[in-house]
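One letter stands for each residue in the lines below.
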Amino acid sequence: MALPHGRQTLSRQRRPSEPSTAASGTAAWPPFVRWRSTELCVIDVVVVPNARRTEAVGLHGEALRIKLAALPIDGAANETLIRWLAEVLDVPRARVALLHGTSSRRKQLSLDVAQERLRQWLISLKLDDSAQG
């Protein structure tokens, strides 16, 4: 796609360190999920703090949009996000870690979770492109 002044956007290419979906033995994953090994993945999220309840509400570009029932004060929203993900994925809290974005709405989290468990949760969200915002 051409941009003003002759610049062009570059499509994101898979880095050599990232396993392909074929290497991890799985079908295609949403763009916000990248597997590092068979049970370790990184997900990209965009959070909306101070919501009525904590829930995944759809997509925001190539990230999962999550509303958080916590204020972004003293790390409360980050802690709510980590505890909620651990709960919905039925994993210990220690298996969910915030990698980037401690003071940003855009965050990257590391999840130590079985692929099938993550797949089941994503299917239950019924994500589609019409939920983008």
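For the structure, see preceding data.
Residues numbered from 1 in each chain as written. Predicted model: local features only at pLDDT ≥ 70, side-chain atom pairs only at ≥ 80, totals over all residues. Heavy atoms only, no water.

Asks: Explain the side chain of Asp44 here, please?
Replies: Inspection of the secondary structure assignment puts Asp44 in strand S2 (residues 40-48). Here the side chain of Asp44 touches Gln108 through a polar contact of 3.1 Å, side chain to side chain. (Helix = DSSP H or I, 4+ residues; strand = E, 2+ residues; numbered from the N terminus. Polar contact = N/O pair within 3.5 Å; in protein donor to acceptor, adjacent residues only side chain to side chain.)

Asks: Just checking my understanding: could you explain unusual backbone geometry for this structure?
Replies: Across residues other than glycine, the phi torsion is negative in most instances, and most of the peptide bonds are trans. Phi at Asn50 takes a positive value of approximately 65 degrees, unusual for a residue other than glycine. Within the secondary structure, Asn50 sits in the loop between S2 and strand S3 (55-60). A relative accessible area of 55% means that Asn50 is categorised as exposed. We note that Asp74 has phi near 55 degrees; this positive angle belongs to a residue other than glycine. Inspection of the secondary structure puts Asp74 in the loop between strand S4 (63-67) and helix H1 (76-89). (Buried < 20%, exposed > 50% of the residue type's maximum accessible area, 1.4 Å probe, protein only.)

Asks: I keep staring at the side chain of Lys107 and nothing clicks. Help me out?
Replies: Looking at where Lys107 falls in the secondary structure, it is placed in strand S6 (residues 106-112). Among buried Asp, Glu, Lys and Arg side chains, Lys107 stands out as unpaired, with Glu79 the closest opposite charge at 11 Å. Within the local environment of Lys107, its side chain forms a polar contact with the backbone oxygen of Gly101, the two atoms lying 2.5 Å apart. At 2.7 Å, the side chain of Lys107 forms a polar contact with the backbone oxygen of Ser104. In this structure Lys107 touches Ile43, Asp44, Val45, Val47, Asn78, Leu81, Leu98, His100, Gly101 and Thr102, once residues within four positions along its chain are discounted. (Lys, Arg positive; Asp, Glu negative; His and termini not counted. Salt bridge = Lys/Arg side-chain N within 4 Å of Asp/Glu carboxyl O. Contact = heavy atoms within 4.5 Å.)

Asks: Explain the environment of Gln108 to me, please; I cannot follow it from the model alone.
Replies: Here Gln108 lies in strand S6. Under the relative-accessibility criterion, Gln108 is labelled partly exposed at 22%. Counting along the chain gives 64 residues from Gln108 to Asp44, while the straight-line C-alpha distance between them is 4.7 Å. Excluding residues within four positions of it along the chain, Gln108 makes contact with Arg34, Val42, Ile43, Asp44, Ala97, Leu98, Leu99 and His100.

Asks: Looking at this structure, I do not really get the packing of aromatic side chains. What am I missing?
Replies: For any two aromatic rings, the description comes down to two numbers: the centre-to-centre distance and the angle of the planes. Applying the stated criterion across every chain yields a total of two aromatic pairs. On the numbers, 5.9 Å between centres and 70 degrees between planes, the contact of Trp84 with Trp121 is edge-to-face. Separated by 37 residues along the polypeptide, Trp84 in helix H1 and Trp121 in helix H2 (residues 115-125) bring together distant segments of the chain. Judged on exposure class, the residue Trp84 and its partner Trp121 are both buried. Against the face of Trp29 rests Arg119, its NZ or CZ located 4.4 Å from the ring centre. (Phe/Tyr/Trp six-rings, centres within 6.5 Å; stacked < 30°, edge-to-face > 60°. Lys NZ or Arg CZ within 6 Å of the ring centre and 35° of its normal.)

Asks: Hey, could you run me through the pairing of S2 in this one?
Replies: Consecutive side chains of a regular strand alternate in pointing toward one face of the sheet and then the other. In terms of burial, S2 is a largely internal element, eight of the nine residues being buried. In sequence, strand S1 (residues 33-37) turns back onto S2 through a hairpin of two residues. Here S2 pairs with S6 via seven bridges, running antiparallel. Residue pairing for S6: Leu40 is matched across the bridge by Asp112. Of the pairings in the sheet, the one linking S2 to S4 comprises four bridges and is parallel in character. For Val45, the partnering residue across the bridge sits in S4 and is Leu64. (Pairing = 2+ DSSP bridges.)

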